[in-house]
Amino acid sequence: MFPYLKRGTKKMKIAVDVMGTDYGPAEIIKGVLQAVKEYGCDAVLVGDEDVIKAELRREHEENNPHVTIHHASEVIEMKDHPGISVKKKRDASIVVATDLLRQKECDALVSSGSTGAAVASALFGLGRIKGIERPAIATVIPSLTGATVLLDSGAKVDAKPEQLVQSAIMGSVYAESQLGIKNPRVGLLNIGEEETKGNEQCLATYPLLKANPHIHFIGNVEGRDINKGTVDVVVCDGFTGNVVLKTMEGLGSAVLEIIRSAVKGSGFLSKFGALLMKPALTEVKRKMDASEYGGALLLGVRAPFIICHGSSKAKAIKNAVRVAIELTEKDIVGKIGREILRDEESGEL
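Within each chain, residues carry numbers counting from 1 in the order of the written sequence. Note on the predicted model: pLDDT of at least 70 is required for a residue's local features to be given, and 80 or more for side-chain atom pairs to be given and counted; whole-chain, interface and lining totals, by contrast, use all residues. Only hydrogens and water are removed before side-chain values are computed, so all heavy atoms of the structure are retained for them.

Student: Sorry if this is basic, but what is going on with the overall build of the protein here?
Tutor: The secondary structure listing takes helices from DSSP runs of H or I that are at least 4 residues long and strands from runs of E that are at least 2 residues long, numbered from the N terminus. Regarding its fold elements, the protein presents 13 helices and 11 strands. Of the contacts formed within the protein by residues at least 6 apart in sequence, a portion of 74% connects residues at least 24 apart. A total accessible area of about 16800 Å² is found for the protein, and carbon and sulfur atoms account for 54% of it. Note on contacts: a residue pair qualifies if any of its non-hydrogen atoms lie within 4.5 Å across the two residues. All accessibility values rest on the Shrake-Rupley procedure with a 1.4 Å probe; residue burial counts only the protein chains present in the view.

Student: Help me out: how do you make sense of the nonpolar core in this one?
Tutor: The nonpolar side chains of soluble globular proteins are, as a tendency, buried together. Take the buried residues of types Ala, Val, Leu, Ile, Met, Phe, Trp, Tyr and Cys, join any two whose side-chain atoms come within 4.5 Å, and each joined set is a nonpolar core. Think of it in three bands: with a 1.4 Å probe and only protein chains considered, a residue is buried below 20% of the maximum accessible area for its type, exposed above 50%, and partly exposed in between. Ile14, Leu45, Val110, Leu299 and Ile306 are the most contacted members of the largest nonpolar core, which has 61 residues in total. In terms of residue count, helix 6 (residues 161–179) provides more of this core than any other element does, 8 residues in total. Two domains share this core, each providing at least three of its residues, namely domain 1 (1–132 + 300–331) and domain 2 (134–291). Discounting residues that sit within four places of it in the chain, Ile14 has contacts with Asp42, Ala43, Val44, Cys106, Ala108, Val110, Val321, Ala324 and Ile325. Note that domain bounds follow an automatic or database assignment of domains.

Student: Can you help me understand the side chain of Thr98 in this one?
Tutor: In this fold, Thr98 is placed in helix 4 (residues 93–102). For Thr98, a relative accessible area of 1% corresponds to the buried category. From its side chain, Thr98 meets the backbone oxygen of Ile94 in a polar contact 2.7 Å long. The contacts of Thr98, once residues within four sequence positions are left out, are Leu109, Ser121, Ala122, Gly125, Leu126 and Phe305. Any N or O atom pair separated by 3.5 Å or less is treated as a polar contact, with the protein-specific requirement of one donor-capable and one acceptor-capable atom, and with residues adjacent in sequence counted only for side-chain atom pairs.

Student: How should helix 1 (residues 25–39) be read in this particular structure?
Tutor: Spacing of three or four residues puts side chains on the same side of an α-helix, whose turn is 3.6 residues. A helix is expected to reach a length of 1.5 Å times the quantity of its residues less one. The end-to-end C-alpha distance of helix 1, which contains 15 residues, comes to 21 Å, matching closely the 21 Å that a straight helix rising 1.5 Å per residue would cover. Residues of helix 1 that are buried include every one of Pro25, Glu27, Ile28, Ile29, Gly31, Val32, Leu33, Ala35, Val36 and Tyr39, and no others. On its buried face, helix 1 is in contact with strand 1 (13–17), strand 2 (42–47), helix 2 (49–58), strand 3 (67–71) and helix 12 (314–329). Backbone geometry just downstream of helix 1 places Gly40 in the positive-phi region, at approximately 70°.

Student: Where do I start with the pattern of salt bridges in this structure?
Tutor: Opposite charge on two side chains permits them to pair, given that their charged atoms come into close proximity. By definition, a salt bridge exists where a carboxyl oxygen of Asp or Glu is found within 4 Å of a side-chain nitrogen of Lys or Arg. Summed over all chains, the structure comprises 14 salt bridges. Two residues, Asp99 and Arg102, come together in a salt bridge whose shortest N-O distance is 2.7 Å. On the criterion of helical spacing, the pair formed by Asp99 and Arg102 is a turn pair, its members being 3 residues apart in helix 4. On the accessibility criterion, Asp99 (29% relative accessible area) is partly exposed. Overall, Arg102 belongs to the partly exposed group, its relative accessible area being 47%. Glu339 is the partner of Arg342 in a salt bridge, and the nearest nitrogen-oxygen pair spans 2.8 Å. On the criterion of helical spacing, the pair formed by Arg342 and Glu339 is a turn pair, its members being 3 residues apart in helix 13 (residues 332–345).

Student: What am I meant to see in the packing of aromatic side chains here?
Tutor: Centre distance and the angle of the planes are the two values used to describe a pair of aromatic rings. The pairing test for Phe, Tyr and Trp rings, Trp by its six-membered ring, is centres within 6.5 Å, and the orientation test on the planes gives stacked under 30 degrees, edge-to-face over 60, and tilted for anything in between. Under the definition given, this model contains 1 aromatic pair. In this scheme, the term charge over a ring applies when either NZ of a lysine or CZ of an arginine sits within 6 Å of the ring centre and within 35 degrees of the ring normal. The cationic tip of Lys313 hangs over the ring face of Tyr23; the distance from NZ or CZ to the ring centre is 4.9 Å.

Student: Explain the environment of Val173 to me, please; I cannot follow it from the model alone.
Tutor: Structurally, Val173 can be placed in helix 6. Looking at Val173, the relative accessible area reads 9%, which means it is buried. Sequence-wise, Val173 and Ile332 are 159 residues apart; in three dimensions their C-alpha atoms are separated by 7.3 Å. Excluding its chain neighbours within four sequence positions, the residues that come into contact with Val173 are Gln178, Ile332, Lys335, Ile336 and Glu339.

Okay, structure coming up:
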């Protein structure tokens, strides 16, 4: 039984959009089946019914009582325009899954299809938390001391200073509730630590963050601080955040490949040393593995909405379902709403 489920509470039901991913429905369904078994939840697989049934038969799970299918006849592809497609393809899997969440037939949603379509579907289908001007994707990034929350990592490319303050509030709630970080340190991503550094957006945002008593603002931070563990929450616009995230993903893969190539082409002593270090290297790989963190939470919408990488495999999907359950149990959405309301009432927003 999943440890966060308390005796007497209802079993969690997670909607999972299984269409529009890089590897197709197979990996998504494998991950969901693992999650259902390990976490004791129910799942609703949303997508082409015939395709889903075929995958369940392949896994010998066609009669699993904890997995149901909700048919959706359309798919929003990565190449499709997100906003237009969400409005036109009303039977697309992400739109149907979002509607299930809106109607409270499910407790949370997991999707690894088009990020743009997921954000648009959440905005049109769920709506924003009262007081939130725009949602932000919060991504957990490994650091030397644990983890750092980066937001926005791609929900919207531009951001006003007031919206970055809201991101700081949402990120603080997420870091404290989900990661257990007390009074999380918030930094504004910039090209230097000095208060006078940065573009117009950063210069206008800095004093707003500094003046907000509900945020533990430590000032400007640079890209290198994200992994150093000197900051817990880093705020920026979605364009900058997505570039940072993709760069880190590429660098992490490149470093591991360089190590493998160096060991493979070296002599006996180096290979023997690498063998002795294998447990440590395995731990390094685990900490750098994005699939360990599941997906990223779309903060600011009115229900738990988890967005995974398009290339997510079973492990990432399983962990995304875990995150969805945790966020629902901990009422992250409600806590964000209360924090935003408090700031509005105090005149900080």
